[in-house]
Amino acid sequence: MKKIYFGTNLKMYKNNQEVKNYLIKISNNLSKINTKHKIEFFIIPSYTSLESAMNIIHYQKSSPPIIIGAQNMNANEKGQFTGEISPLMLQELGVQLVMIGHSERRHLMGETDQEENQKVLSSLKHNFITLLCIGETLEQKNYHISDEILRMQLKIGLNGVSIEQLPNLRIAYEPVWAIGTSGIPASAEYANNKHQIIKECLIEIFGKPGNDIPILYGGSVNQENASNLIIQPYIDGLFVGRSAWDADQFHSLIQESITAYENNENGYSETALLLIKYLGGKDNIGALTHCATRIRVILKNETKIDKIGIEKINIVKGIFSVANQFQIIFGKHIVDEVYLTLKNLLN
Ligand code: PGA
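Quick look at the structure, then. (Residues numbered from 1 in each chain as written. Predicted model: local features only at pLDDT ≥ 70, side-chain atom pairs only at ≥ 80, totals over all residues. Heavy atoms only, no water.)

1. Overview of the nonpolar core
Stage number 1. Core analysis: the biggest nonpolar cluster contains 67 residues, and Phe41, Leu158, Ile171, Tyr217 and Leu238 have the highest contact counts within it.
Stage number 2. With seven residues, the top contributor of residues to this core is helix α10 (residues 247-278).
Stage number 3. The contact partners of phenylalanine 41, leaving out residues within four places of it in the chain, are Phe6, Ile26, Leu30, Pro65, Ile66, Ile67, Phe250 and Ile254.
Stage number 4. Core analysis: the next-biggest nonpolar cluster, separate from the first, contains twelve residues, Ile67, Met99, Leu131 and Cys133 among them. (Core = buried A, V, L, I, M, F, W, Y, C linked by side-chain atoms within 4.5 Å. Buried < 20%, exposed > 50% of the residue type's maximum accessible area, 1.4 Å probe, protein only. Helix = DSSP H or I, 4+ residues; strand = E, 2+ residues; numbered from the N terminus. Contact = heavy atoms within 4.5 Å.)

2. Considering unusual backbone geometry
Stage number 1. With an omega of -5°, the peptide bond between serine 63 and proline 64 qualifies as cis.
Stage number 2. The backbone of lysine 61 sits at a positive phi, close to 45°, despite the residue not being glycine.
Stage number 3. Among the secondary structure elements, lysine 61 is positioned in the loop between α2 (50-60) and β3 (66-70).
Stage number 4. Exposure remark for lysine 61: the relative accessible area of 59% places this residue in the exposed category.
Stage number 5. Positive phi is not limited to glycine here, since histidine 144 has a value of about 60°.
Stage number 6. Here histidine 144 lies in the loop between α6 (138-142) and α7 (146-157).
Stage number 7. Residue classification places histidine 144 among the exposed positions, given a relative accessible area of 68%.

3. Re empty space enclosed by the protein
Empty space left among the atoms is revealed by rolling a probe the size of a water molecule over them.
Stage number 1. Within this structure, the stated rule accounts for two cavities of 30 Å³ or more.
Stage number 2. Taken together, 15 residues line the largest cavity, and the ones lying closest to its centre are Lys11, Ser220, Val240, Gly241 and Arg242.
Stage number 3. Each residue belonging to the lining of the largest cavity can be placed in one class, and the counts come to five nonpolar, seven polar and three charged.
Stage number 4. Estimates place the volume of the second largest cavity at around 30 Å³.
Stage number 5. Along its surface, the second largest cavity is lined by Gly101, Ser103, Arg106, His107, Cys133, Ile134, Gly135, Gln153, Glu174 and Val176.
Stage number 6. Broken down by element, the lining of the second largest cavity gets its largest block of residues, three residues, from helix α4 (residues 103-108).
Stage number 7. When the residues that make up the lining of the second largest cavity are grouped by side-chain class, the tally is three nonpolar, five polar and two charged. (1 Å grid on protein atoms, 1.4 Å probe; cavity = no way out; pocket = protein on both sides within 12 Å on 5 of 7 lines; lining within 4 Å. Points joined across faces, edges and corners; volume = space filled by probe spheres on them. Nonpolar A, V, L, I, M, F, W, Y, C, P; charged D, E, K, R; others polar.)

These results come straight from atomic positions and should not be treated as a statement about function.
Listed below in structure tokens is the structure:
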């Protein structure tokens, strides 16, 4: 059974007392989450709250447990690095996760891929779950070099990481243009496509074990888009900012995402496989891609097809998942054919 990942970075918000209150609420909420899936859940407060955060999770003992992470870390164990925090200091507090290369560190503090690499190596060496954040800027996206940027951030950032260390590695894809109050959320299709690029690059670097490295999406995740993001085949989890900072709101976002994920999973095996068969099997998978596109049109414009028909395809997200895995584009005649076929199927 697949593990699903949820986490939040509290940035430079929430003081010590606020983190404590938040964690108590979050851990009570977590026990109400209803799922058959394994969940990995982490919270990344500021350095000054780490010790009390560790105490709270020790006494609250939620299920799933809350993993506490640090927002940054110096690669060195000690030295003349005023204002920095070392891996040994984090270990002393019992912190389990370290986030490296958040967009705000890269772009506001000017951290380079080479520096992130040193931190990643040190973090893994000190047995922390290591969350490497990557993502392209709007300018890079507009130059159509997003894939190259992601591949570069991965290849430099993960240089020297061994296969044995991979179980502790997580990647967060956070397009810079999607983060924060002025961010535009990436569409689920865009995010899924970039996650696929990341997955392929991880396999290129590490071979087959690269396939198992979880990839989380972050950047203006909210209650409206979370469900559609989590059902994407290449998205393993959600890394949430603002929408997670109210404990109750984060709880509903997680519960709704899990429910969507599970509905989608059920739909995948039944409807999607049936549809693949109906459309001529995997040889004609391009048609399925178009089919999904058409279904989106239908869902956005319900007058095109009757309501009852739409209700019959409530597991339609399963079809999206299948279709999104295949990028072969066929001609317009196939699109129309598929649409007609689907319409007949639904009526
Ligand atoms: P946001 O933050 O969800 O508020 O855009 C995401 C992040 O910075 O990780």
